[in-house]
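# Observations on the model geometry
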There are 2 protein chains.
Amino acid sequence: MKLPNFGENPSYDCWLSYRTIKNAEVLKEYTEAFSGISVLEESLVFKTALNELKFGLEKILGKAPADTADSDGGIVLGFCENIKSLPEELASGVEKEGYIVRYRDGKTIIAGKTDRGVLYGVFAFLRLLQLETPLEKINLVNNPANMLRMINHWDNMDGTIERGYAGNSIFYANNGFIDDKTRVRDYARLLASIGINGIVINNVNVHYHETRLITKLYLPEVAKLADIFREYGITVFLSVNFASPVELGELPTADPLDVRVQNWWREKAEEIYSYIPDFGGFLVKADSEYRPGPFTYGRDHAEGANMLAKALEPFGGVVIWRCFVYNCKQDWRDRKTDRANAAYDTFMPLDGKFMDNVILQIKNGPMDFQVREPVSPLFGGLTKTNQMLELQITQEYTGQQKHICYLVPQWKEILDFDTFAEGRGSTVREIIAGKIYPQKYGGIAAVSNIGSDLNWTGHVLAQANLYGYGCLAFNPDRSAEEITEEWVRLTFSSHPYVVKTISSILLKSWRTYENYTSPLGIGWMVNPGHHYGPNVDGYEYSPWGTYHRADCFGIGVDRSVETGTGFAGRYHKENAEMYNNIETCPEELLLFFHYVPYTYRLKSGKTLIQHIYDTHFEGVEQVRKFREQWLTLKELIDKERFEHVLGRLEIQIRDAIEWRDVINSYFYRKSGIPDEKGRTIY
Amino acid sequence: MKLPNFGENPSYDCWLSYRTIKNAEVLKEYTEAFSGISVLEESLVFKTALNELKFGLEKILGKAPADTADSDGGIVLGFCENIKSLPEELASGVEKEGYIVRYRDGKTIIAGKTDRGVLYGVFAFLRLLQLETPLEKINLVNNPANMLRMINHWDNMDGTIERGYAGNSIFYANNGFIDDKTRVRDYARLLASIGINGIVINNVNVHYHETRLITKLYLPEVAKLADIFREYGITVFLSVNFASPVELGELPTADPLDVRVQNWWREKAEEIYSYIPDFGGFLVKADSEYRPGPFTYGRDHAEGANMLAKALEPFGGVVIWRCFVYNCKQDWRDRKTDRANAAYDTFMPLDGKFMDNVILQIKNGPMDFQVREPVSPLFGGLTKTNQMLELQITQEYTGQQKHICYLVPQWKEILDFDTFAEGRGSTVREIIAGKIYPQKYGGIAAVSNIGSDLNWTGHVLAQANLYGYGCLAFNPDRSAEEITEEWVRLTFSSHPYVVKTISSILLKSWRTYENYTSPLGIGWMVNPGHHYGPNVDGYEYSPWGTYHRADCFGIGVDRSVETGTGFAGRYHKENAEMYNNIETCPEELLLFFHYVPYTYRLKSGKTLIQHIYDTHFEGVEQVRKFREQWLTLKELIDKERFEHVLGRLEIQIRDAIEWRDVINSYFYRKSGIPDEKGRTIY
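Residues numbered from 1 in each chain as written. Chains lettered and ligands numbered in written order. Predicted model: local features only at pLDDT ≥ 70, side-chain atom pairs only at ≥ 80, totals over all residues. Heavy atoms only, no water.

### So, the overall build of chain A
For clarity, the cut-off: Helix numbers and strand numbers start at the N terminus; a helix is a DSSP run of H or I with at least 4 residues, a strand a run of E with at least 2. As a reference, a globule follows 2.2 Å times the number of residues to the power 0.38, and the radius of gyration itself is taken over C-alpha atoms. In this scheme, a residue with accessible area under 20% of its type's maximum is buried, one over 50% is exposed, and one in between is partly exposed, where area comes from a 1.4 Å probe on protein chains only. Per-residue and other accessible areas follow the Shrake-Rupley method at a 1.4 Å probe size, with only the shown protein chains counted as cover for residues. The charged-residue count follows a simple rule in which Lys and Arg add positive charge and Asp and Glu add negative charge, with His and chain termini not counted at all. For this purpose, a charge sits on NZ of Lys, CZ of Arg, CG of Asp or CD of Glu.
When you go through chain A residue by residue, the secondary structure sums to 21 helices and 17 strands. Scaling as 2.2 N^0.38, a compact globule of 682 residues should have a C-alpha radius of gyration of about 26 Å, and chain A matches this with 26 Å. Along the three orthogonal principal directions, the C-alpha set of chain A runs to about 80 × 65 × 50 Å. Relative to its full complement of 682 residues, chain A shows a buried share of 65%. When the accessible area of chain A is evaluated, it comes to approximately 23,700 Å², of which 51% is carbon and sulfur surface. Counting 75 positive and 90 negative side-chain charges, chain A places the averaged centre of each group 2 Å from the other.

Structural data, given as structure tokens:
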């Protein structure tokens, strides 16, 4: 059985290319070991799992397995409790959506507690095969660290994607749904293969048509999408407009304490669940960037979120409430108000006031997905509220999939960040997994980077970001290096030189991007609106709360407790002290927390201004190096992807030069301090 | 007879409000003097003139005149040669589109050599009445200085107007023509009243649909507009796409030297003239800002323009060819290329190579309608080519009709600028009138500021710019003060306090706007794209050739001959020397021509930086003063316009503060030099 479209184009296949094994010895061993399949259960997802297993085995082994597994060479697919040969002590280690994959004595077990677990087990098993894992090492027990592992789509029904850099929506066009669901199904498969179990299918900025997704007009179409995602164990959520009762013309108010409003949402929930019985719930951007919310009615965010939560509760739905709330009409002259403080100051007083089917979704940093930010102090701050981490896979501020910027190393730093909330080891990953403070719901969400481009992500190497996100959402303990190597081997080749070269480029790319863009955590030096390319003052005199405060003496935002905005003091003591003191503040965040003279000496011995010059020159050279490295892959990978990445690298070099020259010229003109090395600055 | 819509709303009526005279004595005198009308000719435009005269007299006198003028109290409308009572020496002073208006011994003559002249005479006569001119002073002979007095519309067929700030197009909507022509007719009347005789009805950027205006699809509709404008003595022109033969799918090339292309345009001209026998000709933006042009085929602009001119020649049409040609993909690092040089360097070598039905349309300055620019050196440079001056009535860079910025004083400076081409007195106004070098065609064009807003121009006071443009196009010798006073009296009231107050605001407004925006001729410190509001670096690292080159020591573009781009040397000796020397360069253009340290002392004794601070603080205070002055008019003018202008002034104050603070903060942060007066800079 051939899945539609897959197997025809390596860009389209992503990490599921399922190439036939060339090593004859391994192939022979595998072919004997995996000659038949038997399935112990029947369900929609089991069917998906079985199809995938057959498809993958046929591709990888070049031969379809038999439909039985009575003898040696059999693979058994089933729930742990129904597989008698599975030792109790192993089975008991499998959690709700976890799985066990185990080869022993000619028999293979792929088992889980739920059908999602089994599906993940199948994908894991096929990965092991593709990676030519020795039979004796086919022995995994994996449980997801996070309960919710979600993807957020900022897709609009007109087909555009807010911050999308890979074509248009695969769900919508012309203010309706796309009839052909091939892409949706293939996408569901990609997501399931990395363990994603929830998806929000529309933009958090809910416009006119999207407000109507929760009405009869569109619910049958939403249900069709849910049907497809359900086959892959993925629950569908919708972003909703807090003002829906008003905007749909049914009530004069959307006040969460108004009984009519409460009833309206309760009936609305009932209606939605009549179409989609396993509907996940709502994602809400309220009182943020001109979106309506409870503030309109003098209510707080707990009152707003709980009202929706109550409506969804009878059906098992949840409300995911974004903490991205700040004053987007700030006066740039005002140095006391600090956008970095906004989410913390809004939500901390509400800790413990949210219903237990409300989850706060918190962006990783206090600003907005910059190349470098500290971790939001809400992590470790909130102790009595369900929490999710929000990341951005789509590269809004990190090169928009024209530049290589592999974000797994950034996400690792975020996940590993120690909040000290309950002493050392209170990392973000432990918090969102509910291990520091118990949470009924928790997990991780990220903004999708896919679109209608044949290669899904615009830049082929940006597929690694989607893959890496899924890996970390499932298991944040994995190292960036391991994930990267795995992705390269699944996507391109296990050729050691290819693996080494592409991994090296990917793993260096975030720091490289940081080098030639905004320095030392200051962020925001981009063109307003579209956010591509350098513009040092682009957001300096704007109402968005995004300033660098550079003058002819120095640059940076004083967020210290004593003389600044006090943001540093929002952290627990260990971090607060570290950030508050210019001497102990990590240098990559120096300008985020402090105003620093250009002549200040960094730990390297360089002055700040020289560091700016040096990193910007280095950044361009690093991209040039990427291109040189890439060129050596010519004979080792397919022509299409080779040329594609090469083309993007040319763009990246051109644009990195622009970044370098604009940033360096800006600071040279502002400081009047020449480059010690006498390089050309304009 | 009541003209549609006029007379119902003072904002809509503009300067044609025709208020009944309140002074009983004057009214009695006028009523006796102007009791009947006789018309000696019959034509479309005569009919318009007669209707206007009847309409105006009835309004101003409160009584309809009789249809005969046999007795005393008669007004005779006719051609000079047919009015026997007109002394030969007077009649001989009237030129082609000029007129004579003369009251003597109970009889009034309104006469011209052409029906356009008579129409202008009628409007002039009604103005005199509205201004309550004593009978003995009703004695004018006026001839237009400029042959072509044109309005350019940057209207698109989707209804938008490029750089329009007064609503949508009155011609087009939804990629078609608006059926109801009421606005068009009323607009034609407004234009005729100020002597406009030509109109280009579509944007110089000719997009998909507009390219098709010269095809059967739209020519019948263009003809309908031409029919209306014809009644008011206004000739219709079209902007055309140089690549039309290709874009309309009829030829593989638009090469002007290709015989097929030449034939195509000849047939096209024939087709157009079959619909509109008095069609004016083409306006062409070629090889500019991504528009196609002769450069595509390795031809020069003379070859391109002449090819079109040859096609139009048999029908009496002209080609108006814009000189707005420059490299819009310049590298900001490049300090040798100078956009200011571009038009001069492109067109000077072609002087004398254009056919005599080609006119070069030259923007007033070498850049693009900034609040302050030197005059283009093409004026006085070109000696053997028909020339027109292009101004911009729409306030793209001068406050977008949210701010009061009355441009007549600016235009006066431009028209009075002495190029020294043939010694002292070789002013721009003499050149475009063909008085320095003979020209078959010449004149003046300006980009319209009107749209579908009920008050036509967005800001009621911006009506004065349209009025003033028409006045200066007809007679550039008139003073700004005289035009302004006339406009206020016609538009609002002859109340001396109203006249004084509004005139004072208008006449100061350009300098005020300049004060709080970009200093001393440097220009361009606006937000890219929409061009509203301050952004000092908005165009600094861009490809548009628009730089200020500010650093921590000083600011300005060195355009001197010795060390700069050499632009100063494009002028004739007297001006070249003046501009080239920082000591003699007019200070309002100092930063246009020179890079100047912040500590440089201006003639006022102030340093440059202190001048920047002072003018920006002053500018805001001046706008506040405007508001105070305006408030005193409350009881003296109608509520609607009073409130409207007050509302716009509030916006202007708010935005002037933003300008002041951004500009001052930028230069304070960059220079590190504090304000001597210790005012707040951020």
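### Describing the UniProt feature "active site" (unreviewed entry) in chain A
Residue and element names in this part refer to chain A. The test is simple: UniProt positions are given in the numbering used here, feature names are shortened, and annotations may be inferred rather than shown by experiment. Two residues form a contact once any of their heavy atoms are found within 4.5 Å. Polar contact is the term for a pair of N or O atoms within 3.5 Å; when the atoms are in protein, one must be able to donate a hydrogen and the other to accept it, and sequence-neighboring residues count only if both atoms are side-chain atoms.
Mapped onto the present numbering, the UniProt feature "active site" (unreviewed entry) falls on E289, D368 and E396. Take E289: it is sitting in the loop between β11 (281–284) and α11 (301–312). Once residues lying within four places of it in the same chain are set aside, the contact partners of E289 are F324, Y326, C328 and W544. Only 2.7 Å separates the side chain of E289 from the side chain of K285, close enough to count as a polar contact. Residue placement: D368 occurs in the loop between β13 (358–363) and β14 (386–392). For D368, the residues in contact, after removing those within four places along its chain, are F324, R339, K363, E373, Y397 and W524. A distance of 2.6 Å separates polar atoms of two side chains, one belonging to D368 and the other to K363.

### Comments concerning the relation of the copies chain B and chain A
Note the cut-off: Superposing copies: least-squares fit, C-alpha atoms only, residues required to have pLDDT of at least 70 in both.
Mapping chain B onto chain A is achieved by rotating through 180 degrees and translating by 0.1 Å along the same axis, at an RMSD of 0.0 Å. In the structure described here, the two chain copies are related by an operation that fits a two-fold rotation axis. The position closest to the rotation axis in chain B is occupied by the C-alpha of K670 of chain B, lying 2.7 Å away. Interface overlap between copies: 100% of the residues of chain B at the interface are likewise at the interface in chain A, consistent with a symmetric, same-surface contact.

### Observations regarding the sheet that holds strand β5 (residues 139–142) of chain B
All names here are of chain B. Note the threshold: Any two strands are treated as partners once DSSP identifies two or more bridges connecting them. A fitted line through C-alpha atoms serves as each axis, taken over the contacting stretch for helices, and the angle formed by two N-to-C directions is quoted from 0 to 180°.
Ordered by their spatial adjacency, five strands build an open sheet running β1-β2-β4-β3-β5, and the pairing between neighbours is mixed. Of all strands in the sheet, those bounded by a partner on one side alone are β1 (36–39) and β5. Taking each pair of neighbouring strands and ignoring which way they run, the sheet shows an average axis angle of 15 degrees. Strand direction decides the pairing type here: strand β3 (residues 99–104) and strand β4 (residues 107–112), joined by six bridges, are antiparallel.

### Re the confidence of the model for chain A
Note the following rule: The quantity called pLDDT is the predictor's confidence in a given residue, expressed from 0 to 100.
Here chain A averages 96 in pLDDT, and 99% of its residues register 70 or above. Predicted complex metrics record ipTM = 0.91 and pTM = 0.93.

### Comments concerning the interface of chain B and chain A
Selection criterion: Here the quantity called buried area is the total loss of accessible area, with a 1.4 Å probe, experienced by two parts when brought into contact, counted for both. Any Lys or Arg side-chain nitrogen found within 4 Å of a carboxyl oxygen on Asp or Glu counts as a salt bridge.
Listed as interface residues are 22 residues of chain B and, on the opposing side, 22 residues of chain A. Both sides of the chain B and chain A interface together cover about 2,000 Å² of buried area, and 52% of this is carbon and sulfur. Interface area lost by chain B to chain A is led by R333, Y541 and R669 of chain B, which between them contribute 37%. Taking the shortest distance from any N to any O, the salt bridge between D661 of chain A and R333 of chain B comes out at 2.6 Å.

### A look at the sheet that holds strand β5 (residues 139–142) of chain A
Residue and element names in this part refer to chain A. Spatially, five strands are ordered β1-β2-β4-β3-β5 in an open sheet, and the strand pairing comes out mixed. In this open sheet, the two strands that pair with only one neighbour each are β1 (36–39) and β5. The average angle at which neighbouring strand axes cross in this sheet is 15 degrees, direction not considered. The pairing of β1 with strand β2 (residues 74–79) spans four bridges and is classified as parallel. Bridging across to β2, I37 finds its partner in I75. Lying on the sheet, helix α3 (residues 44–61) is in contact with β1, β2 and β4 (107–112); it crosses β2 at an angle near 160 degrees.

### So, the pattern of salt bridges
With the rule as written, the count across this model stands at 92 salt bridges over all chains. R669 of chain A is the partner of E540 of chain B in a salt bridge, and the nearest nitrogen-oxygen pair spans 2.9 Å. Placement of the pair is E540 of chain B in the loop between α17 (496–516) and β16 (554–555) and R669 of chain A in helix α21 (residues 639–671), with the two residues belonging to separate chains. Relative accessible area serves as the criterion here: at 4%, R669 of chain A is assigned to the buried category.

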